[in-house]
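# Coordinate inspection notes
Below, each chain spelled out in residue letters.
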Amino acid sequence: MAHDAHAPDRNVYYVPHSSPWPVIASVALFITMFGFGGLLNHESWGKTTFLVGLAFLAVILFKWFADVITESVRGYYNKQVDTSFRMGMVWFIFSEVMFFAAFFGALFYTRQFALPWLSGEGHGGSTNAILWEGFTGGWPTNGPATIGGAFSTVPAWGLPLLNTLILLSSGVTITIAHHALKANKRGTLLFFLGFTILLGCLFLFCQASEYREAYHELNLTLASGIYGSTFFMLTGFHGLHVTLGTFMLIVIWLRCLRGHFTPQDHFGFEAVAWYWHFVDVVWLMLFLFVYVL
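Each value, and the rule that gives it
Throughout, residues of each chain are indexed from 1 in the direction in which the sequence is written. Totals for whole chains, interfaces and linings use every residue, but because this is a predicted model, local features are given only for residues with pLDDT of at least 70 and side-chain atom pairs only at 80 or more, for both listing and counting. Remark: hydrogens and water are excluded; side-chain values derive from all non-hydrogen atoms of the structure. Runs of H or I in DSSP of at least four residues are treated as helices and runs of E of at least two as strands, each being numbered from the N terminus. The contact criterion used is simple: two residues touch if any of their non-hydrogen atoms lie within 4.5 Å. Expected helix span is taken as 1.5 Å per residue step, with the number of steps being one fewer than the number of residues. Bend angle per residue: angle between axes fitted to the 7 residues ending at that residue and the 7 residues starting there. Under the scheme applied here, a residue whose accessible area is under 20% of the maximum for its type counts as buried, over 50% as exposed, and between as partly exposed, the area being computed with a 1.4 Å probe on protein chains only. Within 3.5 Å is the distance limit for a polar contact, defined as a pair of N or O atoms, with the added protein rule that one can donate a hydrogen and the other accept it, and that residues adjacent in sequence qualify only through two side-chain atoms. For this document, the term salt bridge refers to a Lys or Arg side-chain nitrogen within 4 Å of an Asp or Glu carboxyl oxygen.

Looking at the secondary structure, you find Leu 286 in helix H8 (residues 267–292). For Leu 286 and His 238, which are 48 residues apart along the polypeptide, the C-alpha to C-alpha distance reads 8.9 Å. The residues touching Leu 286, leaving out its near neighbours within four places in the chain, are Phe 104, Leu 234, Thr 235, His 238 and Tyr 291.

Turning to helix H3 (residues 79–118), a few remarks are in order. Spanning 40 residues, H3 covers 57 Å between terminal C-alpha atoms, matching the ideal 58 Å at 1.5 Å per step. Roughly 45 degrees is the biggest bend found in H3, and it falls at Thr 110. Along H3, the residues that are buried comprise Val 81, Asp 82, Met 89, Ile 93, Glu 96, Phe 100, Phe 104, Leu 107, Thr 110, Leu 115, Pro 116 and Leu 118. As for H3, its buried residues are in contact with helix H4 (126–130), helix H7 (225–257) and H8. Its side-chain oxygen placed 3.1 Å from the backbone nitrogen of Gln 80, Asn 78 serves as the N-cap of H3. Positive backbone phi, approximately 90 degrees, marks Gly 120, located one or two places after H3.

Let us look at the pattern of salt bridges. In this structure the tally under the stated criterion is two salt bridges. Of the charged contacts in the structure, one is a salt bridge between Arg 86 and Asp 82, with a shortest N-O distance of 2.7 Å. Placement of both Arg 86 and Asp 82 in helix H3 is noted, with a separation of four residues, approximately one turn of the helix. In this structure Asp 82 comes out as buried when scored by relative accessible area, which is 15%. The partner of Arg 86 in a salt bridge is Glu 270, and the shortest N-O contact between them spans 2.7 Å. Placement of the pair is Arg 86 in helix H3 and Glu 270 in helix H8, with a sequence separation of 184 residues. Of the residues examined, Glu 270 reaches a relative accessible area of 14% and is grouped as buried. Via salt bridges that share partners, Asp 82, Arg 86 and Glu 270 belong to a single interconnected network.

Here you go:
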């Protein structure tokens, strides 16, 4: 990695001065969410405002991360800054763990408590007589009153199993790429990191195909009661994380192509690898609790 001859003292913790990106990004985020609110309420300006805000936010993030990369390759960061980055990534992944824990918690509560109570079982069995007398629930369910109509579930041993194998394979390829980086084998690094990107894209393609089948052939939608809601919230947000992770991998591949990392200094690569392994683990839980069980 090249270092700027005029870089500041690496014994001093580097703090960027007068960065405009946090304030501008907050404005872009406000526009995005304001437009999203309008979109949800079917306002005529909602979709346009949302897309403009999203594009604005993407440009800001691109410029912001470009500044961080520039500071890194010029040697502005020392061991203390590296530790801060690592702690920040750990807490970020922890926040993502809590995010998915909320949805898994909703799934668990529905299956273990709400449905039995609505069916007249357990300590909350009186719920059956008060709210939905005569309702007998099983899993998967579209809830009392058959909200959204009848539906079929996505077979676990079809595309979901294939996607599981794809994502597990991507975890292996990114690990090989990491070892290649530490061994300074650039060709192997670029090949396996690129292969990881292809596997991520293949996963997204398969999930899009699964969604198309669910909506058009199985009548499984977000409106298909509690099962449809939890299914699409969990798999949909996971798909969003895979999409973001794939973009991150592409950026890291381009940086590796330009020689930005060394065997001793490559936290940018490690951070994306941590995130990708987190995505792998979440999918394994999804496959088990959403598809198989």
